[in-house]
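In case you want the letters, here they are:
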Amino acid sequence: MVNKQGQTRLAQYYEWLTLEERRALEAEICSFIEHRNYKIVYRRYASLFFLVGVDNDENELAILEFIHLMVETMDRHFGNVCELDIMFHLEKAHFMMEEMVMNGCIVETSKANILTPVQLMEKAS
Amino acid sequence: MEQLRTFGRELAMGSQGGFYQSKEFLDLVKSIGEARSKAEEDRIVVNEIDTLKRRIAEPDIPKRKMKEYIIRLVYIEMLGHDASFGYIHAVKMTHDDSLLVKRTGYLAVTLFLNEEHDLIILIVNTIQKDLKSDNYLVVCAALNAVCKLINEETIPAVLPQVVELLAHPKEAVRKKAIMALHCFYQKSPSSVSHLISNFRKRLCDNDPGVMGATLCPLFDLITRDVNSYKDLVISFVSILKQVTERRLSKAYDYHQMPAPFIQIKLLKILALLGSGDKQASENMYTVVGDVFRKCDFSSNIGNAVLYECICCVSSIYPNPKLLDSAADIISRFLKSDSHNLKYMGIDALGRLIKISPEIAEQHQLAVIDCLEDPDDTLKRKTFELLYKMTKSTNVEVIVDRMIDYMISINDNHYKTEIASRCVELAEQFAPSNQWFIQAMNKVFEHTGDLVNIKVAHNLMRLIAEGFGEDDDNADSKLRSSAVESYLRILGEPKLPSGFLQVICWVLGEYGTADGMFCASDITGKLCDVAEAYSSDDTVKAYAVTALMKIYAFEIAAGREVDMLTECQSLMEELLASHSTDLQQRAYELQGVIGLDAHAVEFIMPSDASCEDIEVDKDLSFLDGYIQEAIEKGAQPYIPESERPGVLNMGNFRNQDHHESSHGLRFEAYELPKPAVQPRIPRALLPSTEIVPVPEPVYPRETYQTPVTPIPSNPSDAGSAELKLRLDGVQKKWGRPTYTPETSTSNSTSQKTVNGAAQVDGPSTVNSTRETYASRKLQVEISHEKQKLAASLFGGSSKPEKRPATGHKVSKASSHMLEKSHVPNSSMEVASEKTAPAQTPPDLLDLGEPTSTSTAPSLDPFKQLEVLLDATQDASAANSATSASRSPDVMALYADTPVGIHNKDEADLLSGMSNMSGATARPQPTKGSSKGPNPKDSLEKDSLVRQMGVKPSSQNPNLFKDLLG
């Protein structure tokens, strides 16, 4: 996730890239949609851009909606989610993403299932 | 200190804190948030690194504090700086007893380390322990880590436990365990080859989440080996059927679609299983048809599923009815105003035309619109489509368009890609030689050295070998037109090196062949090239060799050679050149000029670039001479390695080897220049030249080495029997083998390809038909577009066909409309109607249809929830007043009229649910109160202010609701 100024707010990779490679890749992203052998699916919410890099066989529209699902999920958890919520609760946002995506695949799309572990964990501590 | 900002919400949520955050952390986040530039952000982060390095090494840090430090480390790495100094602390944190702390530790470790990192070994033990935990959340955290951190070697350490967890009572654990197994399969298929049956088993898990996750590994397995999973077709079909019949839990619904992401995955799998398999495909037709019918094409997600249906339909064994549905959807996509849908439509069209090429005609104008669209992504996608539908009838228009586009863009990567596509299409479909050469010239002129040098070599080879199999006349015409165009192009400034090489070579080989130009014309131009590009040794080498050829042809033809003065001065310069290669070429040229016509004709036969060269590597023709010499008392030859006292010479062997090659000027090689790595272009070497091309070796080239260095000694050259020993030369050039036959086989294959390109009969028929059709039907379409359509889609629609199609489309769409409404409850219809009004104006980028952004479903249960929430919130707010902390909170809002309580009351009054700051659960409908909400922003800001963090006026965006 990158904000309007192009500043990174959350980054998760499903294939290992070195810090240098990540830096280079993230710097180039904003202006390209089909980027080398990847595609960037992006969506803007208020000041935040959500970017997902996918390979060529992915259904772009579905990814676009997956982004929306993620925002809705975060919205359900935080209530009127905003950029600061993600910044202050970076780990929570990561936990949600860990529930939704594993090995680079979408594994969970039920908001309840995504949020239960996060909320239980919150309660426990 | 509790985080006050979310106090209200967390209170209502009934969950307290747990996410301990200090003021220091809040300040950091805020300053990062307010940084106005990347540079400012970098400064903040560098400071933070200093601070953290000190802090994190302090003794006895409370674990909550440490957790915060770790998250600050995550920030550092996320923003592009190195946080490796803190990795070990993240590793230690995974040992913690507290679930939240542990999971944060795991998260940080997975973000910091790759599976090969040395620290991983310290975590494997913890993971093993955690996999056995009684707390299923601990097990889940460990399984997450397994997917990211376990490498091929450590798989056996956790595999037994992971397999055990596949039968865990908690579905969340089963789901993650199956994904861990999937991850092992990705990393090392053999490690889990005996466990594949588990994936099949979990497909039947009674939890839809586990089933849905299992589709991921199954997709991978089926991609690799379709045939082993044909038996599952029935299962997948039945699952998809159940999903479309809404048998899955409502929790999986997304924008009124039942489990769309699962539907998409299933369609992907069916596409694989049905590909080229009629029997399997027949089992799918019904359910895919159902999906088509049930999809709501007014929502993005519905269109995503529809797109996947088209992919599936175009992959499985063709079914006319489904293909019709697919074509209808495509036309709807293409007609849409949304760029996203147009993009999907173009992509889908590219898939479908493989099966039914005629459908492209129906959409010709839409395609042209996309081609001319200012949106670059759409344009590129359309070029991809055109590339797929190129044939000999439309190649000229398509390649011309591609070249124009190529010239207009700056991205070198994409430029190169388009250039190579142009070359490929031109080589495959070129309607005439003339056009081919011209297209290639343009590509070269504008992409220059971005184009793989192979393309230059191909071009030379094509010109040398000609197009027609036996038609010498056509070949010489091709060459003449090439020569003519090159002489013209040489006037342009700054031509790319690769192109100049082609030009020089062609001018040398064929410049004077047709008698149109005399030797002095050509040699003059060649000298100009050598002079204008004097810093490019490769071009100069090509030019000199071309000069030599021109002179040789002149001598062989019995004409007087009269070297131009500029040529003479060039020679003088090159004879003293620092480049041994250029020097040798100059000497060779000098040598050739001194020969008689017979000798020259032998060493430089005209138009012999495609002849094979036979090289007698054993020099057997010298046997008689050697015999004679030995009889006269000469010493027999002893191989260098067997000679005593030459060991220290061995190092120079490569360089010195030329001494044994008779006739080569060894002085030219005495000073080896390692920087010059001459290469010989494949297949197009004329029998008598060495062409250095300083390019990397292309694997396909390596087998060709038709190298025959030119004997520079006239007396040697005169001897018809003399063949040169090439071993030394080959070593110098690093060529492993020599197989002259390949060049012949290459040329035949090339010719067949080109032979096919000659068929362009239908073009005339088609274009006449098109003009008629377009005149009749597309009156309002601009003339240019029509012309473009005509040339692109050659065999355009027959006049009587068009209206029929249009009718069909409209009928089908209304049909779909009806269908889509039938299964919907009145509630859903209502929601569709209200949708536009609810749409927040700033929510969507990309200009999708507004309805896509409508809030989730409006089912009665959720409506009830809304009411409950509202009342709960109200009471929560009330009870908050009596709670110990409440006075502070209320004080906070004293200066703003936006109390939690007040807001909800207002919401209740307005009758719409509102995502207020105090609302714990999301409201299914984001009602009219959606949109930029200054109240919320104010509220959030005042909270932060209260905590002592400086005002946020710098970046108010941070407070904006993402969904509003």
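These figures come from a predicted structure and were not determined experimentally.

1. Some thoughts on the overall build of chain A
When you go through chain A residue by residue, the secondary structure sums to 5 helices and 6 strands. Ordering the α and β elements of chain A from the N terminus gives β-α-β-β-β-α-α-α-β-β-α. Residue burial in chain A is summarised as follows: out of 125 residues, 65% are buried. Here the analysis covers contacts within chain A between residues at least 6 apart in sequence; of these, 43% occur between residues at least 24 apart. For chain A, the exposed area adds up to about 4000 Å²; of that, 50% sits on carbon and sulfur atoms.

2. A few points about the overall build of chain B
Broken down by element type, chain B carries 45 helices and 0 strands. A total of 964 residues make up chain B; the buried ones form 55% of that total. Partitioning the intrachain contacts of chain B with sequence separation of at least 6 by distance along the chain shows that 67% fall at a separation of at least 24. In the structure as shown, chain B presents an accessible area of about 42000 Å², 54% of it carried by carbon and sulfur atoms.

3. Some remarks on helix H4 (residues 90-100) of chain A
The buried fraction of H4 of chain A amounts to 11 of the 11 residues, a majority that puts the element mostly inside the structure. Here H4 of chain A has its buried residues at Leu-90, Glu-91, Lys-92, Ala-93, His-94, Phe-95, Met-96, Met-97, Glu-98, Glu-99 and Met-100 of chain A.

4. Quick look at helix H24 (residues 433-447) of chain B
Residues and elements named next belong to chain B. End to end, H24 covers 21 Å across 15 residues, agreeing with the expected 21 Å (1.5 Å per residue, within 8%). Taken together, the buried positions of H24 are occupied by Asn-433, Trp-435, Phe-436, Ile-437, Ala-439, Met-440, Asn-441, Val-443, Phe-444 and Thr-447. Buried-residue contacts for H24 involve helix H22 (395-408), helix H23 (412-429), helix H25 (453-465), helix H26 (472-489) and helix H27 (497-510). Just downstream of H24, Gly-448 is the residue with a positive phi angle, here 55°.

5. Side note on the pattern of salt bridges
Residues and elements named next belong to chain B. In this structure the tally under the stated criterion is 39 salt bridges over all chains. In this structure, the salt-bridge partner of Glu-41 is Lys-38, at a minimum N-O distance of 2.7 Å. Linking Glu-41 with Lys-38, this pair stays in helix H3 (residues 38-56), spanning 3 residues, or about one helical turn. Note that Asp-347 is salt-bridged to Arg-351, the shortest N-O span being 2.9 Å. With Asp-347 and Arg-351 both in helix H18 (residues 339-352) and 4 residues apart, the pair spans about one turn of that helix.

6. Some words on the confidence of the model for chain A
Residue and element names in this part refer to chain A. Averaged over all residues, the pLDDT of chain A is 81; the fraction at 70 or higher stands at 78%. For chain A, per-element mean pLDDT is lowest for helix H1 (residues 19-29), which scores 55, and highest for strand S5 (residues 101-102), which scores 96. Low pLDDT, under 50, characterises residues 27-32; the predicted model gives this stretch 6 contacts beyond four residues in sequence or across chains.

7. As for the packing of aromatic side chains
All names here are of chain B. All chains considered together, the criterion is met by 11 aromatic pairs over all chains. Seen in terms of ring centroids, Phe-25 and Tyr-75 are 6.5 Å apart; in terms of plane orientation they differ by 65°. Their pairing is edge-to-face. Of this pair, Phe-25 sits in helix H2 (residues 23-34) while Tyr-75 sits in helix H4 (residues 63-78), placing them 50 residues apart in sequence. Relative accessible area serves as the criterion here: at 1%, Phe-25 is assigned to the buried category. Ring geometry for Tyr-254 and Phe-261: centres 5.9 Å apart, planes at 55°, overall tilted. Residue class for Tyr-254 comes out buried when judged on its relative accessible area of 2%.

8. Some words on the pairing of strand S3 (residues 38-45) of chain A
All names here are of chain A. Two strands pair when backbone bridges link them, and S3 and strand S4 (residues 48-54) are joined in this way by 7 bridges, in the antiparallel orientation. Across the sheet, Tyr-45 pairs through a bridge with Leu-48, a residue of S4. Counting the residues that bridge the hairpin from S3 to S4 gives 2 residues, and of these Ala-46 lies at a positive phi of roughly 45°.

9. Some remarks on a nonpolar patch on the surface
All names here are of chain B. Taken together, Ile-88, Ile-121 and Leu-122 make up a surface patch of nonpolar side chains, about 270 Å² in accessible area. By the secondary structure assignment, Ile-88 is in helix H5 (residues 87-93). Note on Ile-88: relative accessible area 32%, which makes it partly exposed.

10. Focus on the nonpolar core
Residue and element names in this part refer to chain B. Counting 289 residues, the largest nonpolar core has Phe-236 and Tyr-486 as the members making the most contacts within it. Counting contributing residues, this core receives three or more from each of domain 1 (318-389) and domain 2 (452-609). Phe-236 has contacts with Leu-203, Leu-215, Leu-218, Ile-222, Leu-266, Ile-269, Leu-270 and Leu-273, leaving out every residue within four places of it along the chain.

11. Remarks on the packing of helix H6 (residues 99-112) of chain B against helix H8 (residues 136-149) of chain B
Residue and element names in this part refer to chain B. Running from N to C, H6 and H8 cross one another at 5°; their axes reach a closest spacing of 10 Å. Comparing the axis directions of H6 and H8 gives the class roughly parallel. In this structure, H6 contributes Leu-99, Lys-102, Arg-103, Tyr-106, Val-109 and Thr-110 to the contact, and H8 contributes Leu-137, Val-138, Ala-141, Ala-142, Asn-144, Ala-145, Lys-148 and Leu-149. Split by residue class, the contact of H6 with H8 holds 9 nonpolar, 2 polar and 3 charged.

12. Brief notes about the environment of Ser-188 of chain B
Residues and elements named next belong to chain B. Looking at the element boundaries, Ser-188 is found in the loop between helix H10 (171-187) and helix H11 (197-203). Taking the C-alpha atoms as reference, Ser-188 lies 8.7 Å from Asn-151; in sequence the two are 37 residues apart. Among residues more than four places away in sequence, those in contact with Ser-188 are Glu-152 and Ile-155.

13. Let's talk about the packing of H6 of chain B against helix H7 (residues 121-131) of chain B
All names here are of chain B. Where H6 contacts H7, the axes come no closer than 13 Å and their chain directions differ by 135°. Between H6 and H7, the angle is such that the two are oblique. Judged by the sense of rotation from one axis to the other, the crossing of H6 with H7 is left-handed. Contact with H6, carried on its side by Lys-102, Tyr-106 and Val-109, involves Ile-123, Thr-126, Ile-127 and Asp-130 of H7 and no other residues of that element. A breakdown of the residues in the contact of H6 with H7 according to their chemical character gives 4 nonpolar, 1 polar and 2 charged.

14. Digging into unusual backbone geometry
Residue and element names in this part refer to chain B. Despite not being glycine, Asp-60 has its phi angle at roughly 55°, a positive value. With respect to the helices and strands, the residue Asp-60 is situated in the loop between H3 and H4. By relative accessible area, Asp-60 is classed as exposed at 76%. Its identity is not glycine, yet Ala-259 carries a phi of approximately 35°, on the positive side. Turning to its location among the elements, Ala-259 is positioned in the loop between helix H13 (233-244) and helix H14 (260-274). The class for Ala-259 is buried, based on a relative accessible area of 2%.

15. Quick look at the confidence of the model for chain B
The share of residues in chain B with pLDDT of 70 or more is 65%, and the mean pLDDT across the chain is 73. Considering only residues more than four positions removed or in separate chains, one finds that residues 948-952 of chain B, a stretch of pLDDT under 50, has 14 contacts.

Reading the values: the criteria
Residues numbered from 1 in each chain as written. Chains lettered and ligands numbered in written order. Predicted model: local features only at pLDDT ≥ 70, side-chain atom pairs only at ≥ 80, totals over all residues. Heavy atoms only, no water. Helix = DSSP H or I, 4+ residues; strand = E, 2+ residues; numbered from the N terminus. Buried < 20%, exposed > 50% of the residue type's maximum accessible area, 1.4 Å probe, protein only. Contact = heavy atoms within 4.5 Å. Areas by Shrake-Rupley, 256 points an atom, 1.4 Å probe, with all protein chains shown as cover. Expected span 1.5 Å × (residues − 1). Salt bridge = Lys/Arg side-chain N within 4 Å of Asp/Glu carboxyl O. pLDDT = per-residue confidence, 0-100. Phe/Tyr/Trp six-rings, centres within 6.5 Å; stacked < 30°, edge-to-face > 60°. Pairing = 2+ DSSP bridges. Patch = residues over 30% accessible without salt bridge, like charges linked within 9 Å, V, L, I, M, F, W, Y side chains within 5 Å. Core = buried A, V, L, I, M, F, W, Y, C linked by side-chain atoms within 4.5 Å. Domains from an automatic or database assignment. Axes fitted to C-alpha atoms, helices over the stretch in contact; angles between N-to-C directions. Parallel < 35°, antiparallel > 145°, perpendicular 65-115°, else oblique. Nonpolar A, V, L, I, M, F, W, Y, C, P; charged D, E, K, R; others polar. Left-handed = near helix turned anticlockwise from the far one by under 90°.

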